[in-house]
Every structure is written in C-alpha cells, then in structure tokens.
Amino acid sequence: MLPVIDMRCRPSYLHDFFGRTAGTPEFETARWLNRRVGTREADTHFTRSSTPAGFLQEVRTAGLSHAVVVGRHTPSQFISNDFIHEIVRADRALVGIGAVDPVLQGERVAVVEAERAIRTLGLKGINLEPGFGEPPRFADDPAYFPIYDLCQALGVPVFLMSGPTTPDPRYNDPSALAVIARAFPRLSIVAYHGYWPNVQQAVGVAFRYENVHLVPDMYIFQPGSSAYVEAANSFLSQQLLFGSSYPFRPIRQSIEDFLKLGIRDVFLNQVLHDNAVRLLKL
C-alpha cells in the first residue's frame, strides 16, 4: 500500500461546523455535505471522530502516514492555533496548520501570531480565508501581503481557502494566485479545494507558476475535475496533493476513489505523499 498524507483532515470535535454537536443545524449540514460529495457509508460516519482517541483511530484505520489538521480564523469561525497545537502534539501522525486574519486582528497582531504559530507552536504553515471575510476580499489584497512576506521568509507555505462554499462566488477566482506567485516567488502557495469549479483557470495558473500547489480534496471527485488528473499526469505531478476533506468525506473511501481517477502509477506516490513531505518539510 502506498503511503498517504491527507492534506485536509479535521476531527468532528474541532468545531460545531464539523458536526461536533448532534441536533444542531451544523450537524445536519455536515450530513448534507457528505451526501452531496458522494459518501457511501452512513452520513454520520464522522461521529467516530468526536473524541481525540476516535480521531486517531480514524487516521490509523485509513492507513494515513500523516493527517493535516487546519485552523481557521474568520468572522464566523475561530479555531485557535493553540488548540491546533494541542491536537497535533498528541501523535506524530498529526500535522498542524495555523490561521490568522490580518483584517480582523490587525496587521501587527496577525504577523506576530503567525510567527508564534510557526516558531513556538511548531505548526507547518498558515491558513488564510480572504473570500470568507467581512467584507470578502481577493487573495491578492495588500492586507495579506505581510503574512505572505513572513511565510516566505520563514520558508513555510501559505494555504488559501477557495471553492464553491465561498459566500460570494466572485471571490473564488484563481487569478489572484498569479499576482501572489509573482510577488512572492519563493513562497509556496497551496489552494485548498483547488478553486473548483474553476478548474481550468486554477490549473492554468499552476502551469505558469511552480510555487502554486492545488489540493482539490473532495472536489476532485465532482464533475468537471478531470483537468486536475490530466495535469497531474504531466506538468502538475509535483504540485497536486491529496486531501480527503474529512469529516465531510470518509478518509478511506477518498483514498480508494483517488486511486481510481487515472493518475499514472509513476506519479501516484508524489501526489499522495512525497509532495506533502517536501512542502511541509516532514
């Protein structure tokens, strides 16, 4: 069996958004999203990760070598970097990504917190969600440049949230990636959800800029995603990474489905494992 690093894997106990509390609207949304993206087992499977031990069991049962747990800092959802650190320090298989919002926190506070997340807490990168702000912004908004500059200096990747759940879909625009990649050529930029359904545009930006990486995660199994696979079989083999989007899709099922997409055997190990090792310096 090939080693697998899941670049987007969160326990349900992380936040109500991930189905932490039965009987809430968020719990029902987690069930709905599981059905929407093709979960074949019970749409409440994620309740198995309602405790730290349960989450680790999910990771081990799926056969992951590492699971990447991502923080969030938006007006509607805050998962602290200390909480992410607390989760991932419990087991060597868990890797943490911090989060800041320089608009909410202010530039100086956000930069200091991002540096603390990397240097003190040992997290492996910083997640930003410009399109989920109030008001929403594009990823190339100058408000985020100090974070890009810091991460480039520290040699860690920046993760950008994208995809169809962006409240205003106009902000799910991969063209901003080109601006960032040009301005920060030594910065590794990772797009969660791969800007689906704007697949061709995202792949085009990644063609031009080798420091742009795509993690389509659960959307790689949706209609219109074949370009990710075609590109992985050529120039994108070192820039595409696997993610399950757990708890919104089962980890094991996502691995099994990923192996059937048609990515050539010669590139599978890179996409499932080696690219993440290089990016996260594991």
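Before reading on, note that the structure itself is shown above.
Residues numbered from 1 in each chain as written. Predicted model: local features only at pLDDT ≥ 70, side-chain atom pairs only at ≥ 80, totals over all residues. Heavy atoms only, no water.

Caption draft 1: Inspection of the overall build of the protein chain at higher detail. Broken down by element type, the protein chain carries 11 helices and 9 strands. Taken against the 2.2 N^0.38 rule, which gives 19 Å for 282 residues, the C-alpha radius of gyration of the protein chain at 17 Å falls within 12% of a compact globule. Principal-axis analysis of the C-alpha atoms places the extent of the protein chain at approximately 45 × 40 × 35 Å. Here the protein chain, with 282 residues, has 59% of them falling under the buried criterion. About 11500 Å² of surface is accessible on the protein chain, with carbon and sulfur atoms providing 52% of the total. Between the mean site of the 27 positive side-chain charges and the mean site of the 28 negative ones, the protein chain shows a separation of 3 Å. (Helix = DSSP H or I, 4+ residues; strand = E, 2+ residues; numbered from the N terminus. Rg over C-alpha atoms; globule rule 2.2 N^0.38 Å. Buried < 20%, exposed > 50% of the residue type's maximum accessible area, 1.4 Å probe, protein only. Areas by Shrake-Rupley, 256 points an atom, 1.4 Å probe, with all protein chains shown as cover. Lys, Arg positive; Asp, Glu negative; His and termini not counted. Charge placed at Lys NZ, Arg CZ, Asp CG, Glu CD.)

Caption draft 2: Seen up close, the packing of aromatic side chains. On inspection of all chains with the given rule, the structure shows 14 aromatic pairs. Consider the rings of F145 and F184, whose centres lie 5.2 Å apart with planes at 75°: the pair is edge-to-face. In this pair, F145 sits in helix α6 (residues 145-154) while F184 sits in the loop between α7 (175-183) and β8 (189-192), placing the two residues 39 residues apart along the sequence. With centroids separated by 5.7 Å and ring planes inclined at 65°, the aromatic side chains of Y148 and F184 adopt a geometry described as edge-to-face. With Y148 in helix α6 and F184 in the loop between α7 and β8, the pair connects residues that are 36 residues apart, well separated along the chain. Using a relative accessible area of 7% as the deciding quantity, one classes F184 as buried. Among the aromatic residues, ring-to-ring pairing joins F17, F18 and F248 into one connected group. (Phe/Tyr/Trp six-rings, centres within 6.5 Å; stacked < 30°, edge-to-face > 60°.)

Caption draft 3: Molecular detail of the pattern of salt bridges. The tally for this structure, following the rule as stated, stands at 16 salt bridges. Between E28 and R31 there is a salt bridge; the shortest N-O distance is 3.2 Å. Here E28 and its partner R31 are both found in helix α1 (residues 25-36), 3 residues apart, which amounts to about one turn of the helix. For R31, a relative accessible area of 24% translates into the label partly exposed. Look at the salt bridges and you will find they share partners, linking E28, R31, R35 and D43 into a network. (Salt bridge = Lys/Arg side-chain N within 4 Å of Asp/Glu carboxyl O.)

Caption draft 4: Geometry of the nonpolar core. Y148, L160 and L214 are the most contacted members of the largest nonpolar core, which has 81 residues in total. Ignoring sequence-local partners within four residues, the contact set of L160 consists of N127, L128, P130, A139, Y148, L177, I180, I189, V190, A191, Y192 and Y195. (Core = buried A, V, L, I, M, F, W, Y, C linked by side-chain atoms within 4.5 Å. Contact = heavy atoms within 4.5 Å.)

Caption draft 5: Looking closely at the sheet that holds β8. The 7 strands lie next to each other as β1-β2-β5-β6-β7-β8-β9, forming an open sheet whose pairing is parallel. A strand with exactly one partner marks an edge of an open sheet, and here the two such strands are β1 (5-6) and β9 (212-215). (Pairing = 2+ DSSP bridges.)

Caption draft 6: Quick look at α7. Along α7, the residues that are buried comprise A176, L177, A178, I180 and A181. On its buried face, α7 is in contact with α6, β7 (158-161), β8, α8 (199-208) and β9.

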